[in-house]
Amino acid sequence: MAEDVHYEVFLKKNEKSGWALHGACKERDESIKVAHTLLSQYKSGSVRVTKERFNNGERTFRSVPIFEGGAEAFGQIKDKTGDAGLPCFAPDDLSKGHARDTIRRSLTGWFERQQALPMELLHSADLVEKLEASGTELQHAVQKVAVASAQDNAANVQTVVKQLNDLVQMSLNRIYKDAREDRLQTYPKGKDFAEVAGAIHQNDARGYALRAAMTDRLKTAKKYGDKLDLLLEMADTLPTDEAAREFAHDEVDAFLTDLIGFDAGRDALLGKCNDLGETVIRLTCLYDGDHGAEALGMAPRAAKRMAQKIGDGDLGECRTAIAQVLLKELEKPKRLRPSSIREEIRLARDLAQKLVMSADAALPVDRLIKAFTSRSSRLLQPEAIDELLRYARDPNEEIDLLLGLEENLVGEGNKSKLAGYVRSTLGANKTETHFVRGPGKPLEALSQLTAHQARVLRGTYPERDKTELAAALDQLGLKILDTTNILCAVEKGPRPALDRAQALLKLAQAGALPKGECLRDAQARAVRLIKSEMGLKEAQSPDGRPKVQQIQQLMAQINTAA
């Protein structure tokens, strides 16, 4: 039986990484040379070269190792039994969404230089000629797709290359043949899209014919921006017949989806954006179909037109593509607002609220949470925290800013990390000096600490972090009490015992004392006054009974709050 032979090079970059197929070669010497080059690049890596023999009769692969290098053992090689099946079998399959996306990713540079779309390439003999004349662009694209497909299917790279080349050749032959025989549908001059699409639907009913006509119409548009305007014009002039309308709409939607897939195409749609935040906001407006949003005020008119179409329930495939682009932009390591960390925080919060509310199958909640969790972690980098606190007037404002950040973070790990920053600030000497011996009044400082503690307890920190932060704020308050003797002064003052007890409890009830030891200290002093000889005597007097009732109410309120 006939056999196909080639050589595959496997690489393990270091001891922690896994083995991966690096590439395939037709010649033995070439594969071993590649292996030695990889060993020189990855000093702690390992390589292995195998001879791959595919038996066409048995439809199986046989692997024989011919070279090994590095410290790591490759492990036992199993015969590759994958049949190298492709998801596309005929030229028409290449017009499907997943196939066009693969074509776009493997030929991005060429498409952007030509300002062309995958759908145009599949229906234009002129573009096919340009691609073939470009040299190795097509060959490299086939090889990239083959290696990825072989890895996914445990198949032989060379066999996948052969299948891909056969499919590509079939597609090119059809385009050339249809062009020679004048069977590629052209776009009649002077007619609107509704008339052309309606006629094709009535006489031919093939997407291939309509796509060829649309490709012919787009020939006059040399830039993605011009193509975008023409396609949106087609979307505005669909046939009135329901079946023909759906037929034409789906093809326009597919062309627009191709255009959005390119960076240059998105630039034409969104216009100039000052930063990543503006890009994400405009994409969000498009995804929501919010054509009247202020964020689109400075965007090209095409963006507003597309947003209106999406808002009307049209361009579903295009909306899904926008969602994927939006997620990729959110996952980028760049800052949304490089010029201001506070604006960054505000925008991240607003986007998270807006997108989670509008999430659906095209924009899954789990992907959004993952993206915003990653973005939240960048807000906790030391340089970002330094920028946030740079202009804080005092430690109290630093704590306030850090606690405010918690409301804008996603992810338990991020909130735990933020708690570490807060603990560090609370434990700093300058913080203790500010609150205990600072210029402000002791009761004012205690009220500030109580407000911070209430904010911590309302937050969604991990329980352990929440408990520790609340205790740290209470301990700082206790130092103020010990240093200033405020409670002691109230307890030993000249007023009647029940009045002093009331005053202590009112401090606690009014939020002037942090929960914990501070609050318990005030309650204990009040109870001592009530049980004192003077307190018991006052309680039995006619004037004392209303005071006892007020004290009981205060105690109940404090216990409920605690």
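Residues numbered from 1 in each chain as written. Predicted model: local features only at pLDDT ≥ 70, side-chain atom pairs only at ≥ 80, totals over all residues. Heavy atoms only, no water.

Overview of the overall build of the protein
Put simply, the test is: Per the convention used, a helix needs a DSSP run of H or I reaching at least four residues, while a strand needs a run of E reaching at least two, with both numbered from the N terminus. Between the two quantities, the radius of gyration covers C-alpha atoms and the globule rule is 2.2 Å times the number of residues to the power 0.38. Using a 1.4 Å probe, accessible areas were evaluated by the Shrake-Rupley method; residue-level cover was limited to the displayed protein chains. By the counting scheme adopted, Arg and Lys are positive, Glu and Asp are negative, and His together with the chain ends is not counted. One atom stands in for each charge, and that atom is NZ of Lys, CZ of Arg, CG of Asp or CD of Glu.
Tallying secondary structure elements over the protein gives 28 helices and 4 strands in all. By the compact-globule yardstick of 24 Å for 562 residues, the protein is too spread out, its C-alpha radius of gyration being 35 Å. For the C-alpha atoms alone, the extent of the protein along its principal axes is close to 115 × 70 × 40 Å. With an accessible surface of roughly 28300 Å², the protein has 50% of that area assigned to carbon and sulfur atoms. If you average the places of the 82 positive and of the 83 negative side-chain charges in the protein, the two averages end up 5 Å apart.

So, the pattern of salt bridges
Defined as follows: A carboxyl oxygen of Asp or Glu within 4 Å of a side-chain nitrogen of Lys or Arg is what we treat as a salt bridge. Throughout, exposure labels follow a simple rule: accessible area from a 1.4 Å probe, protein chains only, divided by the maximum for the residue type, with under 20% read as buried, over 50% as exposed, and the rest as partly exposed.
A complete count under the given rule lists 42 salt bridges for this structure. For Asp-101, the salt bridge is made with Arg-105, and the minimal N-O distance between the two is 3.1 Å. Here Arg-105 and Asp-101 lie together in helix α2 (residues 97–106), a separation of 4 residues that amounts to about one turn. Overall, the relative accessible area of 30% leaves Asp-101 in the partly exposed class. By relative accessible area, which is 49% here, Arg-105 ends up partly exposed.

Some words on the packing of aromatic side chains
When we look at a pair of aromatic rings, we describe it by the centre distance and by the angle of the planes. To keep it simple, the criterion reads: Stacked, edge-to-face and tilted labels apply to pairs of Phe, Tyr and Trp rings (six-membered ring for Trp) whose centres lie within 6.5 Å, assigned for plane angles under 30 degrees, over 60, and everything in between, in that order.
Scanning all chains against the criterion turns up 3 aromatic pairs. Geometrically, the ring pair formed by Phe-111 and Phe-262 is tilted, given 5.6 Å between the ring centres and 55° between the ring planes. Here Phe-111, found in helix α3 (residues 108–114), pairs with Phe-262, found in the loop between α11 (242–260) and α12 (263–270); they are 151 residues apart in sequence, far enough to count as distant. Take Phe-262: its relative accessible area is 1%, and that puts it in the buried class. Each ring, one from Tyr-224 and one from Phe-262, has its centre 5.7 Å from the other, and the planes form 15°; the classification is stacked. A residue pair is termed long-range when its members are at least 10 positions apart, and Tyr-224 in helix α10 (residues 224–236) and Phe-262 in the loop between α11 and α12 qualify at 38 residues.

Section: the side chain of Arg-100
This is how the line gets drawn: Throughout this description, a polar contact denotes any pair of N or O atoms lying within 3.5 Å of each other; where both atoms belong to protein, one of them has to be capable of donating a hydrogen while the other can accept it, and for residues adjacent in sequence the pair is counted only when both atoms sit in side chains. Two residues form a contact once any of their heavy atoms are found within 4.5 Å.
Relative to the helices and strands, Arg-100 resides in helix α2. Under the relative-accessibility criterion, Arg-100 is labelled buried at 3%. A distance of 2.8 Å separates a polar atom in the side chain of Arg-100 from the backbone oxygen of Ser-95. Here Arg-100 is in contact with Leu-94, Ser-95, Pro-118, Met-119, Ala-254, Thr-257, Asp-258 and Glu-317, once residues within four sequence places are set aside.

A few points about the layout of surface pockets
Stated precisely, the cut-off is as follows: A cavity here means a set of 1 Å grid points, computed over protein atoms only, where a 1.4 Å probe fits but cannot escape. A pocket is an open set with protein on both sides within 12 Å along at least 5 of 7 lines, and lining residues have an atom within 4 Å of a point. Grid points are joined across faces, edges and corners, and a volume is the space filled by probe spheres set on the points.
As a volume, the second largest pocket reaches approximately 500 Å³. Taken together, 22 residues make up the lining of the second largest pocket; nearest its centre are Asp-101, Arg-104, Gly-261, Ala-321 and Lys-328. Listed by contribution, the elements that provide at least two residues to the lining of the second largest pocket are α2, α3, α11, α12 and α15 (316–330). When residues in the lining of the second largest pocket are grouped by element, the largest group, 7 residues, is from α15.

Notes on empty space enclosed by the protein
Once rolled over the atoms, a probe with the size of a water molecule shows which space is left empty. Throughout the structure, instances matching the rule amount to 1 cavity of 30 Å³ or more. Empty space within the largest cavity amounts to approximately 50 Å³. Surrounding the largest cavity, Pro-91, Leu-94, Ser-95, Leu-122, His-123, Ser-171, Arg-174, Ile-175 and Tyr-208 form its lining.

Describing helix α26 (residues 517–531)
Keep this limit in mind: To estimate how far a helix should extend, the number of its residues minus one is multiplied by 1.5 Å. Comment: arc refers to directions from the helix axis out to C-beta atoms.
Compared with the 21 Å implied by 1.5 Å per residue over 15 residues, the 21 Å span of α26 between its first and last C-alpha is a close match. Residues Cys-518, Leu-519, Ala-522, Gln-523, Arg-525, Ala-526 and Leu-529 constitute the buried set of α26. In a view along the axis of α26, the buried residues occupy a sector of 160°, so they form one face of it. Of the exposed residues in α26, the ones pointing more than 90 degrees away from its buried face are Arg-520 and Lys-531.

Structural notes on the packing of α15 against helix α17 (residues 365–378)
Here is the rule we go by: Axes here mean lines fitted to C-alpha atoms, for a helix over just the part in contact, with angles spanning 0 to 180 degrees between N-to-C directions. In this scheme, roughly parallel covers angles under 35 degrees and roughly antiparallel covers those over 145, while 65 to 115 is roughly perpendicular and the rest are oblique. Left-handed describes a crossing whose near helix is turned anticlockwise from the far helix by less than a right angle; the clockwise case is right-handed. Polar here means any residue outside two lists: the nonpolar Ala, Val, Leu, Ile, Met, Phe, Trp, Tyr, Cys and Pro, and the charged Asp, Glu, Lys and Arg; Gly therefore counts as polar.
The contact between α15 and α17 brings their axes to 9 Å, and the two run at 25°. Classified by the interaxial angle, the pair formed by α15 and α17 is roughly parallel. Once α15 is placed against α17, the crossing between them reads as left-handed. Here Gln-324, Leu-327, Glu-329 and Leu-330 of α15 lie close against α17, whose contacting residues are Arg-367, Leu-368, Ala-371, Phe-372, Arg-375 and Arg-378. Residue composition of the contact of α15 with α17, by class: 5 nonpolar, 1 polar and 4 charged.

Thoughts on the nonpolar core
Cut-off, in case you're wondering: Put simply, a nonpolar core is a bunch of buried Ala, Val, Leu, Ile, Met, Phe, Trp, Tyr and Cys residues held in one set by side-chain atoms that sit within 4.5 Å of each other.
Residues Phe-111, Phe-193, Leu-256 and Met-306 are the most contacted members of the largest nonpolar core, which totals 85 residues. Apart from the residues within four sequence positions on either side, Leu-256 is in contact with Leu-228, Leu-231, Leu-232, Met-306, Leu-315 and Cys-318. One finds Leu-478, Leu-487, Ala-501 and Leu-504 within the second-largest nonpolar core, a separate group that totals 50 residues.

Overview of a negative patch on the surface
Under the convention used in this document: Grouping into patches uses exposed residues only, defined as over 30% relative accessible area, and leaves out salt-bridged ones; the cut-off is 9 Å for like charges and 5 Å for nonpolar side chains (Val, Leu, Ile, Met, Phe, Trp, Tyr).
Side chains of Asp-192, Glu-195, Asp-226, Asp-229 and Glu-233 sit close together on the surface and give a patch of like negative charge. Residue placement: Glu-233 occurs in helix α10.

Here we look at α17
Over its 14 residues, α17 runs 20 Å from end to end, which matches the ideal 20 Å to within 8%, given 1.5 Å per residue. Turning to α17, its buried residues number three or more, namely Leu-368, Ala-371, Phe-372, Arg-375 and Ser-376. Along the axis of α17, the buried positions cluster into a sector of 140°, meaning they face one direction only. Relative to its buried face, α17 has exposed residues pointing more than 90 degrees away, namely Asp-366 and Lys-370. Buried positions along α17 lie against α13 (276–288), α15, α16 (341–357) and α20 (412–426).

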